[in-house]
Amino acid sequence: MIDKFVPDMHSQSIYRIDYESLKKKGIKLLIFDLDNTIAPANIDLPSKEAINLMYDLKDMGFNIVLMTNSTRKRVEAFKNTLEIDTCASSKKPLSKNYKKILKLYKVEPEEVVAIGDQLLTDVLGANRMGLTSILVNPVSKYDLKVTKLNRHIEKKLFKIMEKRDLFKRGKYYE
């Protein structure tokens, strides 16, 4: 069961991921989490750096979806500024909205990467669906209340994974 929490890749941030390598591996769709992956949970607009990254990724031919447990109201400014599709209130790690996205974009799980900062939502959701999961470090120490609870549980999971030599925080791999 613990293997469902182990990310396929681990990167310091969305800006350090080797997207060229993903493209060469046949990845067509990138699913990004919002809060503490693209922007801090208390910031209402994407940074210039995030805007540039999304445009570069679209130029590379990737389809991009912002999939978040945040509300539609929170997501709207990111959707409009980044000009990407969104799935708000997605209830990650449940599979329902992942399935909808796969069907909408006509892609197979092995053609999709999900990128996020949490084991309990982003990594677990992606792994349960057979997607490639990439864990990134949170961009901020600020977390919503529910995320604080998740972080507490994550600490325990990280200890178990490290003890079993499955994952080590601070070690980045692709």
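Residues numbered from 1 in each chain as written. Predicted model: local features only at pLDDT ≥ 70, side-chain atom pairs only at ≥ 80, totals over all residues. Heavy atoms only, no water.

(A) Geometry of the layout of surface pockets. Roughly 230 Å³ of volume is contained in the largest pocket. What lines the largest pocket is a set of 19 residues, among which D35, N69, Q118, V146 and T147 lie closest to the centre. Residue assignment for the lining of the largest pocket shows that the elements contributing at least two residues are α5 (119-129) and α6 (145-163). Looking at the lining of the largest pocket element by element, the count peaks at four residues for α6. Among the residues making up the lining of the largest pocket, the classes are represented as four nonpolar, eight polar and seven charged. Of all the secondary-structure elements, those providing two or more residues to the lining of the second largest pocket are β6 (132-136) and α6. It is α6 that provides the largest number of residues to the lining of the second largest pocket, a total of four residues. Partitioning the lining of the second largest pocket into residue classes produces five nonpolar, three polar and five charged. (1 Å grid on protein atoms, 1.4 Å probe; cavity = no way out; pocket = protein on both sides within 12 Å on 5 of 7 lines; lining within 4 Å. Points joined across faces, edges and corners; volume = space filled by probe spheres on them. Helix = DSSP H or I, 4+ residues; strand = E, 2+ residues; numbered from the N terminus. Nonpolar A, V, L, I, M, F, W, Y, C, P; charged D, E, K, R; others polar.)

(B) Expanded view of the nonpolar core. Residues Y19, L22, L30, F32, I38, L57 and I115 are the most contacted members of the largest nonpolar core, which totals 28 residues. Within the residue set of this core, elements represented by two or more residues are α1 (19-24), β2 (29-32), α2 (48-59), β3 (63-67), α3 (72-82), β5 (112-116) and β6. Looking at this core element by element, the count peaks at five residues for α2. If we skip the residues at most four places from it in the chain, L22 touches M9, I17, I27, L30, F62, V113 and I134. Formed by 15 residues, the second largest nonpolar core is a distinct cluster that contains M67, C87, I101 and L102. (Core = buried A, V, L, I, M, F, W, Y, C linked by side-chain atoms within 4.5 Å. Buried < 20%, exposed > 50% of the residue type's maximum accessible area, 1.4 Å probe, protein only. Contact = heavy atoms within 4.5 Å.)

(C) Broad picture of the packing of aromatic side chains. Overall, the coordinates contain two aromatic pairs when judged by the stated rule. On the numbers, 6.4 Å between centres and 70° between planes, the contact of Y19 with F62 is edge-to-face. Of this pair, Y19 sits in helix α1 while F62 sits in the loop between α2 and β3, and the two are 43 residues apart along the sequence. Judged by relative accessible area, Y19 falls into the buried class, the value being 6%. Seen from their ring centres, F158 and F167 are 5.5 Å apart, and the 25° between their planes marks the pair as stacked. Cation over ring: K23 sits above F62, and NZ or CZ is 4.9 Å from the ring centre. (Phe/Tyr/Trp six-rings, centres within 6.5 Å; stacked < 30°, edge-to-face > 60°. Lys NZ or Arg CZ within 6 Å of the ring centre and 35° of its normal.)

(D) Geometry of the pattern of salt bridges. Scanning all chains against the criterion turns up nine salt bridges. A salt bridge links D35 to R74, with the nearest nitrogen and oxygen atoms 2.5 Å apart. Pair noted here: D35 is in the loop between β2 and α2 and R74 is in helix α3, with a separation of 39 residues, a long-range link. Residues D35 and R74 agree in their burial class; the two are buried. Measuring nitrogen to oxygen at the nearest pair gives 3.8 Å for the salt bridge that ties D44 to R74. Here D44 is found in the loop between β2 and α2, whereas its partner R74 is found in helix α3, with 30 residues between them in sequence. Through salt bridges with shared partners, one network takes in D117, D143, R151 and E154. (Salt bridge = Lys/Arg side-chain N within 4 Å of Asp/Glu carboxyl O.)

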